[in-house]
Structure formats: structure tokens, C-alpha cells
Amino acid sequence: MRLSRLITVTLAGASVLLPVAACSSDEPAPGKAPQAATAAPSEEPTEEAKGHPFTGKPYDALKPVLAVKIENTAAGKPQLGLKSADLVYIEQVEAGLTRLMAIFSSKLPAKVGPVRSARISDLHITPQFGKPAFAYSGVQTKMLPFVAKASLFDVGDTRNPGAFFRQPGRFAPYNLFANTKDLLSKAPKASKAKDIGLTFGDAPAEGGVDKKSYTVKWPAARFTFAWSEEKQQWLIWQDGKKDMAAEGGQLSAPTIVVQYTKTERSEFHDKNQSYTPLVHTTGKGKAVVLRDGKAYNANWERESEDVGTTFTTESGEPMNFAPGQVWIALASRKPVIP
């Protein structure tokens, strides 16, 4: 399926940062080793030497891509498996809340969840990965034809019930989890990880502003990313509370991307007539990239849904991310409930 080309969004840039949709906050939050040359100077670097396309880290082989839709309210926490994700997208859903889509390839946790239902915005994000396996729990009837035509392998609970189980000690619908190997076993031809436009390496020499924390707001959700010098990671807080992992410890990542997009009403709504937001992720826009305790103003561009997003500095150079997991917060300049 080829979904419609999305609307270009640009924001006015200040020296850093402070759009209405996502405000910077300084509120307190509760060297590469030298490598021996192995190839003659005239030889092209191997794909492995470039690092994994999703994380920039070394890898042995590119593996299939699994996307999983994960609950992101207090009732579904702590989530399981997010620590192993290469990429984590934060998307607005009904009533101004958020839900996550985790992308796995270089590492695969044994189990993941709570798995929740898909949204139309997911189908605009996944084509950049080729034809990944997509795990979710249900979708409204009106959206079924869109899922059927999408560039993905449907391994949701209806098509692949054997991969899912109810986790003891949790209550429905926040107790549905999945075995990841069983998910991928139903998508043997799922696309392997490939270049989606991200670059990893040294931070830009100029343009960064020191930041202790940075806060992003949706109508009914708030994330704060607080820099930990000790861990060299951005610790993640949601709605004023530490965002803990079911495996233990606070969720964190070396790179956080706040990608300012347009969010509008889609044709879908829930039983309470609350409309589903459509988050536009093609076109051009502004972003803030958090890495190494600094915030960098950046630009993003995605020409079509079958390619990834490139991030550049204000001077037009590649905006390198720190190697490791990347969280991408799809925020709007003026958060609204469609």
C-alpha cells in the first residue's frame, strides 16, 4: 500500500529550542578505541565498519525488522522489552495520550509488551523498513483494509494468536504480551534492517547548547529527558515519574530526537467518538536532537514513505546521533486533540 504523501511542516527556529509543543526545561530530574587497519586505503569500507543502520553499533549480520505497538499509560507500566529496541517512536493517540512503536532488529528480547492496538500513523512509519513484521493487538474494523494493503507482514494477535499470552499479575487489556521468536517465525520473509537515513558518529563541533533536561508535551502526556553524566544517557521520565523497565532500571537512551510534525484528525475514531490523530512523518520540518548532555537544533526531511528520514544540522551537515538506542518523539508545535 502506498499512503498519501504527507504535509510539510516547518517551525521557526530560535537559537535553541522552545517551541510551544515541546518546551525545554532545566527542572531537576528525581573515546573510541583505536582500530587496526584491515584494508588497503583504496578499498571501500565494509557495511559492518559503518555500524548498524539503526544504532551505529557494530554487528555481525543484518537481521529481520520487528515492529511492536506497546502500551504507554500508567496502567500498562512497566513495559517489557523496550530496553532491547533499536528505535522507539512516541506517537499521539486518542484523547491526547501516547503509545509507543518499538523497532527491533539488532537485539531481540524474549518477550515484549503490553501489546496494544495499531493506529493509522503506524502504517505511515513502517514502509521505510521495507516489509517488516508488525505485531499489534487488534485494530478497528474500518482500518482492516489499510493494514491488509500495507507494506508489512501482519503478525498481530488475530493472525498469529499462538505468539501471544496473558501475563499473570496484570489486568486486561494491559496483560497481553508476545514471544518475539514466535512473532518472527510467522514472517520468514520480513525485511532485514537497512539504511533509513540515520547517521552516527561524533557530535557536531558547533551548535549544541548544554541541557540538564528537556520536556516534551502532548495534550495528556508529558515526557522529560534528563541527562545522566554518569550513565552518558538521557534518563526518561513520564508524567513526573521515572519510566521504569520491567527488566529493572530506568529507561534511557544516548540519543533523543524531538521531531516536530503536524498532527491532525484522521478518518478513524473510537467508540467514544474520540478521533484518532494522524501524525505526518513525510515532508520537511524542525527537530531537536539531544545527545551528550547538549541540545542541537536540526532539520528533518523524508521524501516519501518508502524511504527513511534524514536529519541535518542548521548548516546542512549530517546530524550524527550517538551510537545506541534512539527515541523519536513525534511532537507537534501546538498540541491539540483532533
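Coordinates for the structure precede this section.
Residues numbered from 1 in each chain as written. Predicted model: local features only at pLDDT ≥ 70, side-chain atom pairs only at ≥ 80, totals over all residues. Heavy atoms only, no water.

Undergrad: Please clarify how the overall build of the protein chain should be interpreted in this entry.
TA: Of regular secondary structure, the protein chain possesses four helices and 21 strands. A buried classification covers 53% of the 338 residues belonging to the protein chain. For the protein chain, the accessible area works out to roughly 15,400 Å², and carbon and sulfur atoms hold 51% of it. (Helix = DSSP H or I, 4+ residues; strand = E, 2+ residues; numbered from the N terminus. Buried < 20%, exposed > 50% of the residue type's maximum accessible area, 1.4 Å probe, protein only. Areas by Shrake-Rupley, 256 points an atom, 1.4 Å probe, with all protein chains shown as cover.)

Undergrad: Just checking my understanding: could you explain the nonpolar core for this structure?
TA: Here is a general trend for soluble globular proteins: nonpolar side chains tend to be buried in one another's company. Core analysis: the biggest nonpolar cluster contains 44 residues, and Leu66, Phe225 and Trp327 have the highest contact counts within it. The element that contributes the greatest number of residues to this core is strand E11 (residues 221-228), accounting for four residues. Not counting residues within four places of it along the chain, the set of residues in contact with Trp327 comprises Leu82, Val88, Ile90, Leu100, Phe223, Ile236, Leu251, Ser252, Ala253, Thr255, Ile256 and Val257. Listed in part, the 38 residues of the second largest apolar core include Leu87, Trp300, Phe311 and Phe321. (Core = buried A, V, L, I, M, F, W, Y, C linked by side-chain atoms within 4.5 Å. Contact = heavy atoms within 4.5 Å.)

Undergrad: What is the right way to look at the pattern of salt bridges in this model?
TA: Side-chain pairs of opposite charge can arise where the charged atoms are in close proximity. Here the structure, examined in full by the defined rule, presents eight salt bridges. With a closest N to O distance of 3.0 Å, Asp122 and Lys69 form a salt bridge. Here Asp122 is found in helix H2 (residues 120-125), whereas its partner Lys69 is found in strand E1 (residues 66-70), with 53 residues between them in sequence. Like Asp122, the residue Lys69 is buried in the burial classification. Put simply, Lys294 and Asp210 hold a salt bridge, and the shortest N to O gap is 2.7 Å. (Salt bridge = Lys/Arg side-chain N within 4 Å of Asp/Glu carboxyl O.)

Undergrad: Just to check I follow, could you spell out the environment of Met101 for this structure?
TA: Secondary-structure assignment places Met101 in strand E3 (residues 98-104). Accessibility expressed as a relative area gives 0% for Met101, which makes it buried. Remark: the alpha-carbon pair of Met101 and Ala118, spanning 17 residues in sequence, is separated by 9.2 Å. Apart from the residues within four sequence positions on either side, Met101 is in contact with Ala67, Val68, Lys69, Leu87, Val88, Tyr89, Glu91, Asp122, Ile125, Thr126 and Phe134.

Undergrad: Help me understand the pairing of strand E15 (residues 255-261), please; the structure alone is not making it clear to me.
TA: Across a regular strand the side chains alternate sides, sitting on one face of the sheet and then on the other. Here E15 lies mainly inside the structure; seven of its seven residues are buried. Side chains of E15 alternate between two faces, with Thr255, Val257, Gln259 and Thr261 and Ile256, Val258 and Tyr260 buried alike. Direction of pairing for E15 relative to strand E18 (residues 283-291): antiparallel, over a ladder of five bridges. Its bridge partner lying in E18, Ile256 is registered against Leu290. With seven bridges joining them, E15 and strand E21 (residues 326-332) adopt parallel strand pairing. Considered in E21, the bridge of Thr255 is made with Val326. (Pairing = 2+ DSSP bridges.)

Undergrad: Looking at this model, I keep getting lost on the side chain of Arg99. Mind explaining?
TA: Residue placement: Arg99 occurs in strand E3. In contact with Arg99, other than residues within four places in its own chain, are Lys69, Ile70, Glu71, Asn72, Tyr89, Ile90, Glu91, Val93, Arg116, Ser117 and Arg119.

Undergrad: Where do I start with the packing of aromatic side chains in this structure?
TA: Ring pairs (aromatic) are described by centroid distance and by the angle formed between their planes. Taken as a whole, this structure holds nine aromatic pairs when the rule is applied. With a centroid separation of 6.0 Å and 20° between ring planes, the pair formed by Phe223 and Phe225 is classed as stacked. An identical accessibility class is assigned to Phe223 and Phe225; each is buried. Through pairs of rings, three or more aromatic residues link up here, namely Phe200, Phe311 and Phe321. We note Lys131 situated over the ring of Phe153; from NZ or CZ to the ring centre the distance is 4.5 Å. Positioned above the aromatic ring of Tyr275 is the side chain of Arg265, whose terminal nitrogen or guanidinium carbon lies 4.0 Å from the ring centre. (Phe/Tyr/Trp six-rings, centres within 6.5 Å; stacked < 30°, edge-to-face > 60°. Lys NZ or Arg CZ within 6 Å of the ring centre and 35° of its normal.)

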